[in-house]
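Below, each chain spelled out in residue letters.
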Amino acid sequence: MTAKIIDGRKISEFYRAEYKLRVDRLIELGLRPGLAVIIVGDDAASQVYVRNKAKACESIGMHSEVHALSAATTQSELLVWVDKLNLNPDIHGILVQLPLPMHIDDRAIIEAIHPAKDVDGFHYANMGALVIDESPFPPCTPYGVMKMLEYEGVGIEGKYAVVVGRSNIVGKPQAMLLLKAGATVTVCHSKTKNLAGFTRDADILVAAVGRANMITGSMVKPGAVVIDVGINRLPDGKLTGDVDFASVSEVASLITPVPGGVGPMTITMLLGNTLRAAERLAGLVETASETLFA
Ligand code: NDP
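Residues numbered from 1 in each chain as written. Predicted model: local features only at pLDDT ≥ 70, side-chain atom pairs only at ≥ 80, totals over all residues. Heavy atoms only, no water.

Asks: Help me out: how do you make sense of the sheet that holds strand 3 (residues 63-69) in this one?
Replies: Strands in a sheet are paired, the pairing made by backbone hydrogen bonds, and the direction either parallel or antiparallel. Reading across from one edge, 3-2-4 is the order of the three strands in this open sheet, with parallel pairing throughout. Here the strands that pair on one side only, and so sit at the sheet edges, are strand 3 and strand 4 (93-96). Strand-to-strand twist in this sheet, taken as the mean axis angle between neighbours without regard to direction, amounts to 15°. Of the pairings in the sheet, the one linking strand 2 (residues 34-40) to strand 3 comprises seven bridges and is parallel in character. Its bridge partner being in strand 3, Leu35 is matched across the sheet by Ser64. Across the face of the sheet, helix 2 (residues 44-59) comes into contact with strand 2, strand 3 and strand 4 while running at roughly 160° to strand 3. Contacts from helix 3 (residues 75-87) reach strand 2, strand 3 and strand 4 within the one sheet, and its direction differs from that of strand 2 by about 175°. (Pairing = 2+ DSSP bridges. Helix = DSSP H or I, 4+ residues; strand = E, 2+ residues; numbered from the N terminus. Axes fitted to C-alpha atoms, helices over the stretch in contact; angles between N-to-C directions. Contact = heavy atoms within 4.5 Å.)

Spelled out as structure tokens, the structure:
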């Protein structure tokens, strides 16, 4: 079997076209959705991510602003920035680019963002809502994975899903979203014994580890849907995922590439979450195609 490739760029375009219509509708009502991104320090990769987020906002008519602060910014100074943005009526979404410098407590900053503007979905209030009920802002990467599965018509209910990785930003929320959609879910991590024993049974396998090509064809069930969240830079500068694309695409039925898979969807879901934050403020009902779980 040669797997069909899930084209994250094409799926992103599909959702962005719909978001653009909704942005236009809000602008007609006198409200331009706005995203503020704060970046602290000069990490080159983070700066590229932040620029891409700003460009994506503008491409669908949303307002975006980037606040680039020096690496010497203190936690109190950063809290003042967050407060200002919390109170700014032109800003509907606030994103603080992680990781922050060591002298700043990430959690203290995330908790300072107003939950109604927490478009990354990392605030305890929104994470709690994700577990108990439904978050208005599901974390962008796992949400993007769900939207890809939905777009490809992958049925989730009754399937066995294995998520490799248990981080707060990807693995754990991914498991919750799959569970909510009716899958039976196992979460594997660095202490899991016999990883392949789990992955080989998975109908849906999501790899979010950060280890180049660690999931090989022999670890995958024939016909499985394989989603590669990992982004790893090889010594030659090329990007690769956690999934060994060559061997796994011989076994899986559907597979995401890296780059061009989950990455574009993450930014698209950030747009969706910011738009939703603005629509909630305007008291608008979500459109049917924007329901969180199909
Ligand atoms: P973290 O480093 O926070 O988490 C990695 C997880 O992988 C941990 O839970 C860790 O287990 C687990 N792990 C490590 N080694 C193994 C192993 N040998 N076997 C099984 N599990 C293992 O990373 P993130 O969740 O933030 O990101 C994961 C990957 O996804 C990275 O490559 C990152 O760059 C990428 N990413 C991509 C995004 C996109 O838009 N495409 C967005 C966000 C991240 P333990 O908890 O026990 O340490």
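This is not the end of the story, as more comes after the structure.
Asks: What should I look at first to understand the state of the cysteines in this one?
Replies: Formally, a disulfide is one covalent bond, and it connects the sulfur atom of one cysteine to the sulfur atom of another. Evaluated as defined, the whole model comprises zero disulfides. Of all cysteine sulfurs in the structure, the one in Cys140 sits closest to Cys57, which takes part in no disulfide; the separation is 11 Å. (Disulfide = S-S within 2.5 Å.)

Asks: Sorry, what's going on with the sheet that holds strand 11 (residues 254-255) here?
Replies: Across the sheet, six strands lie side by side as 1-11-8-7-5-6; this open sheet has parallel pairing. With partners counted over all chains shown, the strands left at the sheet margins are strand 1 (4-5) and strand 6 (184-188), one partner each.

Asks: Is there a simple way to explain the site of the ligand in this structure?
Replies: By nearness alone, 20 residues border the ligand, and Arg166, Ser167, Ser190, Ile231 and Thr266 come closest of all. Here Ser167 contributes a side-chain N or O atom positioned 2.5 Å from an oxygen atom of the ligand. The backbone of His189 places a nitrogen or oxygen atom 3.5 Å from a nitrogen atom of the ligand. A total of 930 Å² of accessible area belongs to the ligand in isolation, and the protein chains cover 70% of it. No other element matches the three residues that helix 10 (residues 262-282) contributes to the shell around the ligand. Partitioning the shell around the ligand into residue classes produces nine nonpolar, nine polar and two charged. (Near = heavy atom within 4 Å. Polar contact = N/O pair within 3.5 Å; in protein donor to acceptor, adjacent residues only side chain to side chain. Areas by Shrake-Rupley, 256 points an atom, 1.4 Å probe, with all protein chains shown as cover. Nonpolar A, V, L, I, M, F, W, Y, C, P; charged D, E, K, R; others polar.)

Asks: Mind showing me how you'd approach the packing of helix 6 (residues 140-151) against helix 10 here?
Replies: Axis angle and axis distance: for two packed helices, these are the angle between their axes and the distance between the axes, and together they describe the pair. Axis separation between helix 6 and helix 10 bottoms out at 8 Å; the angle between their running directions is 105°. In terms of axis orientation, helix 6 runs roughly perpendicular to helix 10. From helix 6, Cys140, Thr141, Tyr143, Gly144, Val145, Lys147 and Met148 reach across to helix 10, where they touch Val262, Met265, Thr266, Met269, Leu270, Asn273 and Arg276. Residues that form the contact of helix 6 with helix 10 fall into these classes: eight nonpolar, four polar and two charged. (Parallel < 35°, antiparallel > 145°, perpendicular 65-115°, else oblique.)

Asks: Even after reading the chapter, I still don't get unusual backbone geometry, so can you show me in this structure?
Replies: What you tend to see is this: most non-glycine residues have negative phi, and most peptide bonds are trans. Here Leu98 and Pro99 are connected by a cis peptide whose omega angle stands at 0°. Within the secondary structure, Pro99 is located in the loop between strand 4 and helix 4 (106-112). At the junction of Val258 and Pro259, the peptide bond is cis and its omega measures out at 0° in the coordinates. On the secondary structure map, Pro259 appears in the loop between strand 11 and helix 10.

Function cannot be read off these values alone, since they describe shape.
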